[in-house]
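# Structural overview
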Amino acid sequence: MLDFFLSCAFQMTGNKIKCQNSISQVLLTLLILCCLLQCHSRPHSYDSKPLSEISGEVSKYSDIAQQIINLAVYGKAQNRSYERLAEFTDTIGNRVSGSKNLDLAIKYMYNALTHDKLENVHLEPVKIPHWVRGKESAMMLLPRNHTLAILGLGSSVGTPPGGIEAEVMVVESFEELRKRANEAKGKIVVYNQPFVSYGETVAYRASGASEAAKVGAVASLIRSVTPFSINSPHTGWQWYQPGVPQIPTACITIEDAQMMARMARRGQRVVVHLTMGAQTLPDVDSYNTVAEIRGSKHPEQVVLLSGHLDSWDVGQGAMDDGGGAAISWEALSLIRDLGLRPKRTLRTVLWSAEEPGGVGAAQYFQQHKANISNFDLVMESDLGTFSPLGLQFTGSDKARAIMKEVMQLLAPINVTSLEQHGEGTDIDMWMKAGVPGASLHTADQRYFWFHHSDGDTMTVQNPEEMNLCSAVWAVVAYVVADLEEMLPR
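The model shown is predicted, which means the values in this text are computed figures rather than measured ones. (Residues numbered from 1 in each chain as written. Predicted model: local features only at pLDDT ≥ 70, side-chain atom pairs only at ≥ 80, totals over all residues. Heavy atoms only, no water.)

### What about the confidence of the model for the protein?
- The predicted model of the protein averages 93 in pLDDT, with 91% of residues at 70 or higher.
- The low-confidence segment residues 1–21, where pLDDT is below 50, has 18 contacts with residues more than four positions distant or belonging to other chains.
- Per-residue pLDDT stays below 50 along residues 26–43; that stretch engages in eleven contacts with residues further than four places along the chain or on separate chains. (pLDDT = per-residue confidence, 0-100. Contact = heavy atoms within 4.5 Å.)

### Details of the nonpolar core
- L346, L377, M379, L391, M403, L410 and V476 are the most contacted members of the largest nonpolar core, which totals 79 residues.
- When near neighbours in sequence (up to four residues on either side) are disregarded, L346 contacts A291, E292, I293, V303, L305, L332, I335, A477, Y478 and A481. (Core = buried A, V, L, I, M, F, W, Y, C linked by side-chain atoms within 4.5 Å. Buried < 20%, exposed > 50% of the residue type's maximum accessible area, 1.4 Å probe, protein only.)

### Notes on the pattern of salt bridges
- All told, the structure shown has 22 salt bridges when counted by the stated rule.
- Here E330 and R80 are joined by a salt bridge, their closest N and O atoms 3.0 Å apart. Here R80 lies in helix α5 (residues 80–92) and E330 lies in helix α10 (residues 318–337), a separation of 250 residues in the sequence.
- We classify E330 as buried; its relative accessible area is 1%.
- With a relative accessible area of 19%, R80 lands in the buried category. (Salt bridge = Lys/Arg side-chain N within 4 Å of Asp/Glu carboxyl O. Helix = DSSP H or I, 4+ residues; strand = E, 2+ residues; numbered from the N terminus.)

### With respect to the packing of aromatic side chains
- Inspection of every chain in the model, using the stated rule, returns 15 aromatic pairs.
- Relative to W312, the ring of W237 has its centre 6.1 Å away and its plane inclined at 35 degrees; by these criteria the two rings are tilted. Remark: W312 occurs in the loop between β11 (298–308) and α10 and W237 occurs in the loop between β7 (219–223) and β8 (249–252); sequence separation between them is 75 residues. For the residue pair W237 and W312, the accessibility class agrees, reading buried in each case.
- Grouped by ring-pair contacts, the aromatic residues W351, Y364, F365, F375 and W430 constitute a single cluster.
- A cation over an aromatic ring shows up here: R84 above the ring of W329, its NZ or CZ 3.9 Å from the ring centre. (Phe/Tyr/Trp six-rings, centres within 6.5 Å; stacked < 30°, edge-to-face > 60°. Lys NZ or Arg CZ within 6 Å of the ring centre and 35° of its normal.)

### Observations concerning the layout of surface pockets
- Reported here for the largest pocket is a volume of approximately 560 Å³.
- Lining the largest pocket we find 26 residues, and of these Y198, E354, D382, L383 and T425 sit closest to its centre.
- Among the secondary structure elements, those contributing two or more residues to the lining of the largest pocket are α8 (198–214), β16 (437–442) and α14 (447–450).
- If one sorts the elements of the lining of the largest pocket by residue count, α8 sits on top with five residues. (1 Å grid on protein atoms, 1.4 Å probe; cavity = no way out; pocket = protein on both sides within 12 Å on 5 of 7 lines; lining within 4 Å. Points joined across faces, edges and corners; volume = space filled by probe spheres on them.)

### Let's talk about the sheet that holds β7
- Spatially, the eight strands line up as an open sheet ordered β3-β2-β9-β5-β6-β7-β8-β4, and their pairing is mixed. The open sheet terminates on both sides in strands that have one partner only, identified here as β3 (146–148) and β4 (150–152). Ignoring which end each strand starts from, the neighbouring axes of this sheet average 30 degrees apart.
- Of the strand pairs in this sheet, strand β6 (residues 188–191) and β7 are connected by four bridges, and their pairing is parallel. Considered in β7, the bridge of V190 is made with L221.
- In the packing of helix α9 (residues 254–265) onto the sheet, the strands contacted are β2 (136–142), β3, β5 (164–171), β6, β7, β8 and β9 (271–276), and the crossing angle to β3 comes to about 130 degrees. (Pairing = 2+ DSSP bridges. Axes fitted to C-alpha atoms, helices over the stretch in contact; angles between N-to-C directions.)

### Overview of the side chain of S311
- Inspection of the secondary structure puts S311 in the loop between β11 and α10.
- The exposure class of S311 is buried, given its relative accessible area of 1%.

### Re α9
- Its twelve residues give α9 an end-to-end C-alpha distance of 17 Å, which sits within 8% of 16 Å, the value for a rise of 1.5 Å per residue.
- Looking at α9, one finds that the buried residues are I254, D256, A257, M259, M260, A261 and M263.
- Once α9 finishes, G267 follows within two positions and takes phi at roughly 85 degrees, a positive value. (Expected span 1.5 Å × (residues − 1).)

### Comments concerning the pairing of β6
- Residue alternation in β6 divides its side chains into two sets, I188 and V190 and V189 and Y191, and both sets are buried.
- Handedness of the β5-helix α7 (residues 174–179)-β6 crossover: right-handed.
- In terms of handedness, the path from β6 via α8 over to β7 forms a crossover that is right-handed. (Right-handed = clockwise from strand over helix to strand, strands pointing away.)

Below, the structure is given as structure tokens:
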């Protein structure tokens, strides 16, 4: 075909192009060749296709989607993701950033993915924070002796060796703290903020210490960010503001926060002795763990599935986020078991150090952002693997329309909802850069009951629900990776 166009070009005469010499012929040849190559390599786009045509293309995957569902929910892979997660968490336990347990978890998962005969299993190096809580305790001394259940917050400094003994000042909000700023000097500020939503209430955990330090407090105790408690403290990361004194900070239970608030309202003097051995050590080497099914036609293009491998240092980290990691592994296993190979590469990434603020994922983004145009869809499961309701999605209107069609393939298990706003600390930077992103939405009403607490164990997990989550994850990932064209941006 190229020879035909060149022949026609060189034969043009009159007021058309005419080659006068060999140099002109060479230049004209190169010009035409570049134009042809550019036209040939120009990426296809769904933007120009009517939705009815795209819907027809997606609907052809109904049989494959049913095969994946049958295998995950009713077939030989039934309960496999649950059993894998149970063995992993029972063997390793919790896996806080920088710990030996996280190292063991990464080695365990690398070996498991390799043994599962997934492709291109490898580790990508990152540097992560290393905070240790040490020994900690809190005792209310007045108006009576009472042991407070506490968990130090990540990145907190410790107390002096003998601890801190001080009167308590209880507040319900940052506004109340500012209004009573002249009372706070030398005291331990206790935040008894009500739980509104995690997104709103977590500000007290994240910034409570620095806000208390600004008004002269010597420590802060934050009511756990949860709507439900059985005297269970919930930990999490906190951030010190630059230029503000760093004071020790820990979470306490709802019950104890409310009790001290009642005492204070009665005019009783509340005194607490707090001891914390927390310290931040130098950053350590770690890894994001990667496995793939290589694409058959466009292996350079990627649909990314993910969950994070680290957890807090309490409980087993089964819900947050062992379940997300397990279904991101299971999705590849299901597709491999069925002998399927999509046009694009399916890549599972198990992130390191999500809990300190998506540290491993941020470094992965820096390492791979040069190829951002080849990332088709990024997916993260980090809000529990309870009964799935649908996906939350961030992307263009046309991409959303396509994803709605993909979700219809999950009608056999009644998981067809596509909602606004994909969520996930580990994929947020990709979405902000324009890559379509999706997060798993489940019936997560109980998620924050167990979040970051000793209650996050395998007892929270349900094998039937994990089967359904695995099916959703695998169907969506496979179909998007196998469509003729990438999702439009």
